[in-house]
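Per-entry structural report
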Amino acid sequence: MTRLLTLLTLILGSSVEAADTTSRPNILFVIFDDWGGSRHSSIAGCNWIKTPHFDRVAREGVLFSNAFTSNPKCSPCRASILTGRNTWQLREAVSHNGRFPSGFETYPDLLEQAGYAIGFTGKGWGPGDFQTSGRTRNPVGPSFDKATLVAPTTGIHNKDYATNLANFLKQRPQDKPFSFWIGFHEPHRNYEWNSGVKSGKTLESVVVPEYLPDTEIVRRDLLDYALEVEWGDAQLGKSLSVLEAAGELENTVIVVTSDHGMPFPYVKGQIHDDAFHLPLAIRWGAGIPAGRVVEDFVNVRDFAPTFLELAGLAPHKQMTGRSLAKILRSKESGWVENRDVMLIGKERHDIGRVHDQGYPVRAIRTKDYLYVHNFHPERWPAGDPETDFGNVDGSPTKEAIKALGGYYFDLSLGKRLPDELYRLSDDPDCVHNLANELAFHETLQALRNQMVQLLQSEEDPRVLGTFQDFDRYQYVGARGKGYETWLRRQEETVLKSLQDKLDNRSSADRPPQPAAAK
């Protein structure tokens, strides 16, 4: 054993630390796709979405009430999870549907090098391109996706996550600990319309947030979302049963979370609390005291250093997240380490503007406030109208908001002020912008200064003035029909506008003209 650890240390350098490999826990990482679960779990008090298996993990482990992603879209969040860094520290990975950059280690690779068996089923890192950086497999590891099932609706994926986990456990060497990633496709759109009501859910039970119109269409859409959350929760329950049957439940660190908020306007991909505030429950049998609710602010970039520490490895030098191991092993509830501030930001998420321009934002979240700075308020945050606001997932709710116009249209799809400030105690839905209220001027200035100082310490190119590469990173996803025609028209409009400005200048402002030929 000692010779093996010495050899690993020589090979891997500071990433491996002497530890008894027989005591290293397994790791099961379970991530929903688009579950806004900070409020959408029954243990959090939600009555119209039932999550008994997530609740079990929380009751038998630790429930985190303030878990966040710093970048609320699929591939940026997942890159942060894998590398232990904020996405503005990850070059191309800052953007959705971009490239996974070279030069950054991932926790599955580090665990595999240290003797873990690794794998995943469902959705790993993505969408995006990881091959260009030289990877031959998804950054989360080798895929185990052969088992399928008959899905109950057309919107639910046919992957049999639990059976794929069982198949992975059967083939892995029994003397190795494992790290397995289950990436649910649910509750990502598209949904089967009215499937929630057909399953027996009632329109009256839904709690509609302030940023959405309270209409029958929206309530039905939310129930379709709820049904898919519950499907994912049921697959979590089956996965726990697989671990129990294999005798691995008690020595497995089980992490259940999501990548960002629900796929509705004003949420997914936007910088409001429901977009980046996540569900998080962690269970580890007798390894951690159970039945606690922790209020410390934790981030998805904290997972990678946590997994390494629990596996007996030293923190990797690239990782800027902080291990949660001490919090997990503590007997305390509430504020354990007094982590009480969080940074959030994005660059380009989806396309929808000329030349794939992004909508760069940075924000800071404290116990009481969310301050948001929009760097280009002249741009459309949801994408240009001509692209059907392409940064917002298509849905019945989106169509309802477009048809209604007015307040809800302006809120979700319209342009925004340079600064936004929300007092979360009385505005958790973030719809009452206090940025221009004189009474909150000092609060805004203090939060802005704190945000800039923290971002400077993280060497964020956006605040250091070296952000140009952010605007050049390639979008590698599919483009909708008519995109090229739309782009050509946009460029023609810009050229015509410039020509009109030239034609309308006074003669004194015009450049000298060549003399007419005699």
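Residues numbered from 1 in each chain as written. Predicted model: local features only at pLDDT ≥ 70, side-chain atom pairs only at ≥ 80, totals over all residues. Heavy atoms only, no water.

**Let's talk about the overall build of the protein chain**
What counts is decided by this rule: The numbering of helices and of strands both runs from the N terminus, where a helix is a DSSP run of H or I of at least 4 residues and a strand a run of E of at least 2. Type-normalised accessible area, obtained with a 1.4 Å probe on protein chains alone, sets the label of each residue: buried when under 20%, exposed when over 50%, and partly exposed for intermediate values. In what follows, a contact means two residues having at least one pair of non-hydrogen atoms within 4.5 Å. What sets the accessible areas is the Shrake-Rupley method with a 1.4 Å probe; for residues, cover comes only from the shown protein chains.
Secondary structure assignment for the protein chain yields 15 helices and 14 strands. Looking at the protein chain as a whole, 58% of its 518 residues are labelled buried. Contacts in the protein chain between residues far apart in sequence, at least 24 positions, make up 71% of those at least 6 positions apart. Approximately 21600 Å² of the protein chain is accessible, and the part contributed by carbon and sulfur atoms is 52%.

**Details of the packing of helix 11 (residues 396-404) against helix 12 (residues 406-413)**
Convention followed: Interaxial angles span 0 to 180 degrees and are taken between N-to-C directions of axes, which are lines fitted to C-alpha atoms, for helices over the stretch in contact. In these notes the angle categories are as follows: under 35 degrees is roughly parallel, over 145 is roughly antiparallel, 65 to 115 is roughly perpendicular, and the rest is oblique. The handedness criterion is simple: a crossing whose near helix is rotated anticlockwise from the far helix by less than a right angle is left-handed, and one whose near helix is rotated clockwise is right-handed. For this classification, the nonpolar set comprises Ala, Val, Leu, Ile, Met, Phe, Trp, Tyr, Cys and Pro, the charged set comprises Asp, Glu, Lys and Arg, and every other residue, Gly included, is treated as polar.
As a packed pair, helix 11 and helix 12 sit with axes 7 Å apart at the nearest point and diverge in direction by 125°. The orientation of helix 11 relative to helix 12 falls into the category oblique. Seen along the crossing, helix 11 lies across helix 12 with a hand that is left-handed. Counted together, I401, K402 and L404 of helix 11 and G406, Y408, F409, S412 and L413 of helix 12 form the full contact between these two elements. Considered class by class, the residues forming the contact of helix 11 with helix 12 number five nonpolar, two polar and one charged.

**A closer look at the sheet that holds strand 10 (residues 298-299)**
To be explicit about the condition: When DSSP locates at least two bridges between a pair of strands, those strands are taken to pair.
Pairing is mixed in the open sheet, where three strands are placed in the order 7-3-10. Every interior strand has two partners, whereas the edge strands, strand 7 (277-278) and strand 10, have only one. The sheet contact formed by strand 3 (residues 67-68) and strand 7 spans two bridges and is antiparallel. Note on strand 7: the bridge partner recorded for F68 is H277.

**Thoughts on the nonpolar core**
Selection rule: Note on terminology: a nonpolar core comprises buried Ala, Val, Leu, Ile, Met, Phe, Trp, Tyr and Cys residues joined through side-chain atoms within 4.5 Å.
In terms of nonpolar packing, the biggest core is built from 69 residues, with W48, L165, Y225 and L370 touching the most fellow members. The element that contributes the greatest number of residues to this core is helix 7 (residues 216-245), accounting for ten residues. Ignoring anything within four residues of it in the chain, the contact list for W48 reads H40, K201, S205, V206, V207, L222, L223, Y225, A226 and E230. Formed by 47 residues, the second largest nonpolar core is a distinct cluster that contains C77, A79, Y107 and L308.

**Focus on the pairing of strand 5 (residues 178-183)**
Let me state the cut-off plainly: The handedness rule is simple: strands pointing away from the viewer, and a clockwise path from the first strand over the helix to the second, make the crossover right-handed.
The buried fraction of strand 5 amounts to six of the six residues, a majority that puts the element mostly inside the structure. A two-sided burial pattern is seen for strand 5, the buried positions comprising F178, F180 and I182 on one face and S179, W181 and G183 on the other. Two elements, strand 1 (residues 26-32) and strand 5, share five bridges in a ladder whose sense is parallel. Bridge pairing links I27 to S179 in strand 5. You can see the chain leave strand 4 (residues 117-122), run along helix 5 (residues 161-171) and come back into strand 5, and the turn it takes is right-handed.

**A look at the pattern of salt bridges**
Where charged atoms from two side chains of opposite charge approach closely, those side chains can pair. The cut-off we apply is this: The salt bridge criterion pairs a side-chain nitrogen of Lys or Arg with a carboxyl oxygen of Asp or Glu, the two atoms within 4 Å.
For the structure shown, the criterion picks out 38 salt bridges. The residue E378 makes a salt bridge to R379 at a minimum N-O spacing of 4.0 Å. Taken together, the shared-partner salt bridges connect R56, E60, E244, E250 and R283 into one network.

**Some remarks on the sheet that holds strand 5**
What the seven strands build is an open sheet, ordered 4-5-1-6-8-2-9; its pairing is mixed. Each of the sheet's edge strands pairs with one partner strand only, and the pair in question is strand 4 and strand 9 (292-294). Taking each pair of neighbouring strands and ignoring which way they run, the sheet shows an average axis angle of 15°. Along the sheet, helix 5 makes contact with strand 1, strand 4 and strand 5, crossing strand 5 at roughly 160°. Its contacts with the sheet place helix 9 (residues 303-310) against strand 1, strand 6 (252-258) and strand 8 (280-283), and it is angled at close to 175° to strand 6.

**Examining unusual backbone geometry**
Note the cis peptide between E186 and P187, where omega equals 0°. Tracing the backbone shows P187 in the loop between strand 5 and helix 6 (195-198). Its identity as a non-glycine residue notwithstanding, Y266 has a phi of 75°, on the positive side. By relative accessible area, Y266 is classed as buried at 3%. Within the chain, E459 stands out as a residue other than glycine whose phi angle is a positive 60°. Take E459: it is sitting in the loop between helix 13 (441-457) and helix 14 (461-464).

**A look at the environment of S425**
Assignment of secondary structure puts S425 in the loop between strand 14 (419-423) and helix 13. Sequence separation between S425 and D368 is 57 residues, and the spatial gap between their C-alpha atoms is 6.3 Å.

**Concerning the environment of G134**
Along the polypeptide, G134 turns up in the loop between strand 4 and helix 5. Once the C-alpha coordinates of G134 and S102 are considered, the two residues, 32 residues apart in sequence, prove to be 7.5 Å apart.

**Some thoughts on helix 3 (residues 74-83)**
Residues that lie three or four places apart on an α-helix share one face, since the helix turns once every 3.6 residues. Helix 3 sits mainly inside the fold: ten of its ten residues count as buried. Those residues of helix 3 lying buried are C74, S75, P76, C77, R78, A79, S80, I81, L82 and T83. Where helix 3 is buried, its residues touch strand 1, helix 4 (107-113), strand 5, strand 10 and helix 9.

**Section: the pairing of strand 12 (residues 361-366)**
Note on strand geometry: in a regular strand, side chains alternate between the two faces of the sheet. Of all six residues that make up strand 12, six are buried, and the element is covered over most of its length. Because side chains alternate across strand 12, one face comprises the buried residues V361, A363 and R365, and the other comprises R362, I364 and T366, equally buried. Here strand 11 (residues 341-346) runs beside strand 12; their pairing, made up of six bridges, is antiparallel. What sits directly across from L343, in strand 12, is I364. Bridge count between strand 12 and strand 13 (residues 369-374): five bridges; the pairing is antiparallel. Each residue of the ladder has a partner; that of A363, found in strand 13, is V372. A loop of two residues connects strand 12 with strand 13, the two strands running antiparallel in sequence.

**A short note on the confidence of the model for the protein chain**
The condition is simple: Note on scores: pLDDT gives the predictor's confidence for each residue, bounded by 0 and 100.
Summary statistics for the protein chain give a mean pLDDT of 91 and a share of 88% for residues scoring 70 or more. Confidence over residues 1-22 falls short of pLDDT 50; this stretch has 24 contacts with residues more than four positions distant or in other chains. The low-confidence segment residues 506-518 (pLDDT under 50) makes four contacts with residues lying over four places distant or belonging to another chain.

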